[in-house]
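Letter by letter, the chains look like this.
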Amino acid sequence: MMVVPRPLLAVLLIGLGLHVHGADALSGYQINCGAGGERAAGNVTWVTDGPYVRAGNATGVPSPPGGGMPPMLSSLRYFPDASARKHCYVLPADRKAKYLVRTTYYYGGFDGGEVPPVFDQIIEGTRWSEVDTAADYARGRATYFEAVVRATGRQVSVCLARNVGTRPTSSPFISALEVVPLDDSVYNSTDFSSYALSTIARHSFGHDASVVSHTGDQFNRYWEPYSDGGPVVESQGSVATAAFWNKPPEDVFRRGVTASRGDALELHWPPAPLPEASYYLALYFQDNRTPSPLSWRVFDVAINGQAFFAGLNVSTAGSMLYGAAWPLSGQTRITLTPAPGSPVGPVINAAEVMMVVPLGGRTHPRDVIGMEGLARGFASPPSDWSGDPCLPVGNSWTGVSCSQGLLARVTALNLTNFSVGGSISDNIANLTAISSVWLAGNNLTGPIPVMSALHHLSSLHLEDNQLSGPIPPSLGDLPRLQELFVQNNNLQGSIPIGLNRTSITFKYTPGNNLNQQ
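Residues numbered from 1 in each chain as written. Predicted model: local features only at pLDDT ≥ 70, side-chain atom pairs only at ≥ 80, totals over all residues. Heavy atoms only, no water.

Identification of the protein chain as Malectin-like domain-containing protein from Hordeum vulgare subsp. vulgare is taken from an unreviewed UniProt entry. Per UniProt, the comment on the protein chain under Subcellular location (unreviewed entry) is "Membrane". (UniProt positions renumbered as here; feature names shortened; annotations may be inferred.)

## Re the nonpolar core
Core analysis: the largest hydrophobic core is formed by 42 residues, its most contacted members being Tyr89, Tyr99, Val101, Tyr105, Ile174 and Leu177. Top element by residues in this core is strand 11 (residues 141-150). It accounts for four residues. With residues near it in sequence (within four places) discarded, Leu177 still touches Tyr29, Gln30, Ile31, Cys33, Tyr89, Leu91, Val101, Arg102, Thr103 and Val158. Counting residues in hydrophobic clusters, the runner-up holds 40 residues, among them Val400, Leu478, Leu499 and Ile504. (Core = buried A, V, L, I, M, F, W, Y, C linked by side-chain atoms within 4.5 Å. Buried < 20%, exposed > 50% of the residue type's maximum accessible area, 1.4 Å probe, protein only. Helix = DSSP H or I, 4+ residues; strand = E, 2+ residues; numbered from the N terminus. Contact = heavy atoms within 4.5 Å.)

## Focus: the packing of aromatic side chains
Per the counting criterion, the structure on display carries 25 aromatic pairs. Centroid distance Tyr280 to Tyr322: 6.1 Å. Interplanar angle 15 degrees. Geometry classified as stacked. With Tyr280 in strand 20 (residues 274-285) and Tyr322 in strand 23 (residues 319-330), the pair connects residues that are 42 residues apart, well separated along the chain. Judged by relative accessible area, Tyr280 falls into the buried class, the value being 2%. Judged by centre distance (4.8 Å) and plane angle (75 degrees), the rings of Phe308 and Trp326 are edge-to-face. Of this pair, Phe308 sits in strand 22 (residues 306-315) while Trp326 is found in strand 23, placing the two residues 18 residues apart along the sequence. (Phe/Tyr/Trp six-rings, centres within 6.5 Å; stacked < 30°, edge-to-face > 60°.)

## Focus on the pairing of strand 15 (residues 195-205)
Within strand 15, 10 of the 11 residues are buried, which leaves the element mostly enclosed by the surrounding structure. Pairing geometry for strand 11 and strand 15, over two bridges, is antiparallel. Bridging from a neighbouring strand, Ala147 pairs with Ser198 of strand 15. Across nine bridges, strand 15 lies against strand 26 (residues 350-358) in antiparallel orientation. When the bridges of strand 26 are listed, His203 appears paired with Ala351. Bridging between strand 15 and strand 16 (residues 224-226) involves three bridges; their strand directions are parallel. Each bridged residue has a counterpart across the sheet, and for Ser204 the counterpart in strand 16 is Pro225. (Pairing = 2+ DSSP bridges.)

## Let's talk about the sheet that holds strand 9 (residues 119-123)
Ordered in space as 7-12-9-10, the four strands form an open sheet in which the pairing is antiparallel. In the strand order of this sheet, the two ends are held by strand 7 (87-92) and strand 10 (126-131), each with one partner. Strand-to-strand twist in this sheet, taken as the mean axis angle between neighbours without regard to direction, amounts to 20 degrees. Examined bridge by bridge, strand 7 and strand 12 (residues 155-161) share six bridges and lie antiparallel to one another. When the bridges of strand 12 are listed, Leu91 appears paired with Val156. (Axes fitted to C-alpha atoms, helices over the stretch in contact; angles between N-to-C directions.)

## Re the state of the cysteines
One pass over the structure, following the stated rule, counts two disulfides. Across the disulfide from Cys88 sits Cys159; the S-S distance is 2.1 Å. In this structure the cystine formed by Cys88 and Cys159 twists about its S-S bond by roughly 100 degrees; its chirality is therefore right-handed. One end of the pair, Cys88, is in strand 7; the other, Cys159, is in strand 12, and 71 residues separate them in sequence. For Cys88, a relative accessible area of 4% corresponds to the buried category. The partner cysteine of Cys390 in its disulfide is Cys402, sulfur to sulfur 2.1 Å. Between Cys390 and Cys402, the disulfide has an S-S torsion of -80 degrees and is therefore left-handed. Taken as a pair, Cys390 in the loop between strand 28 (378-379) and strand 29 (400-402) and Cys402 in strand 29 lie far apart in primary sequence, 12 residues in all. What makes Cys390 buried here is its relative accessible area of 4%. Cys33 carries a free sulfur, and the closest cysteine sulfur to it, the one in Cys159, is 13 Å from it. (Disulfide = S-S within 2.5 Å.)

Now the structure itself:
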């Protein structure tokens, strides 16, 4: 199972201290959950969430004392249906493309309570983290979480689900959702077929203002200000950040923290202790002085006393170091030790740390096609029929049973008496591991599709619907079929010869207009 990462250490401030500067021509999706129309904040246009979610209720959030409510926090969507196993946003994606996903939560007492609800968030079928925003909300703050994940198909799903900590009277909710495509080079040392990254902290050192996003970051990442009270230097030269794999904004190089000549620089960063896990760690440096032959600094970099890089030569062009899966736990200490004779002390401008999260698996693509086809064909399917059909374990679609493993298969479908309308999609033929299909007592119309590929099917219940047309002859050829109930429909034609064998319990009356061959 995956390691559940702790919440992001940084928070968005509510009130006059919040300044969010969006990047120019920002791509991807910036969704203002529950909003009635588009809203602008800086260069970012926040769109409504209607096209991306099928369930939940929208509501406004009252502005806190002093005002200053950012538009993406002035509304939210909440999900009161306690019978649903999860509530999913599904957004178009390019297959195998990498995305930064950010969820934002500001409770605002929307349900009349005083304490925000606790619940899980799920990304691409993997349980990502628990959402518990009570401490931040008590300080008048909103909380955001951020992950980097690769799309396995043509969609990316982000879901919310109740857990053991969710009060019966409370509902999962979300204020904003962002899904931004990343360039191939960004965080490219991670095997995104097996892992995701969950952001723990991203800081620009030497800043003490409340800016949380920088103009120039094409992915609109939040670079929180961080200052430990040590000496701060201002950059005198520009940095061509396009040459850096992670493409940080140039703004994060404009300031840095340093130490006097001959002294080591030690930072206790990130500010809070880390749970024991593997982390992606990236550090950014630039010599702040006016470019010249003497504008360089050499120092060693250590993390918790372990050598991270020896003899780093930092010029005005800037440098980046990273560790793809660095083991960390507790309070982290970054030590920069200058080389003997270095003309100036060490300097650091920015850093990122992200937990490496093992993915929890996914549903077989063939079964995803089959289940999504069924969902499109049905009228009023269960509200949780979106996202991954099987995963995470315990959060499969209502009525769907699955095998376990990294590549789950749909093994049973039971929507008996769910008042489902529409028709049974031909895509059901993709569910080649399924053993039982129970769709009795609904309002299904149209023909029974061909299921000749369902060699494991042993039980098929379609009774008490409004199905029409013939019984497909291929049903009689299914080797493991033991039950076929189709009574109380509008079927016509001849009964396939293969259904007359004694090993099958076959019920087709009352109703129908079927005759023996």
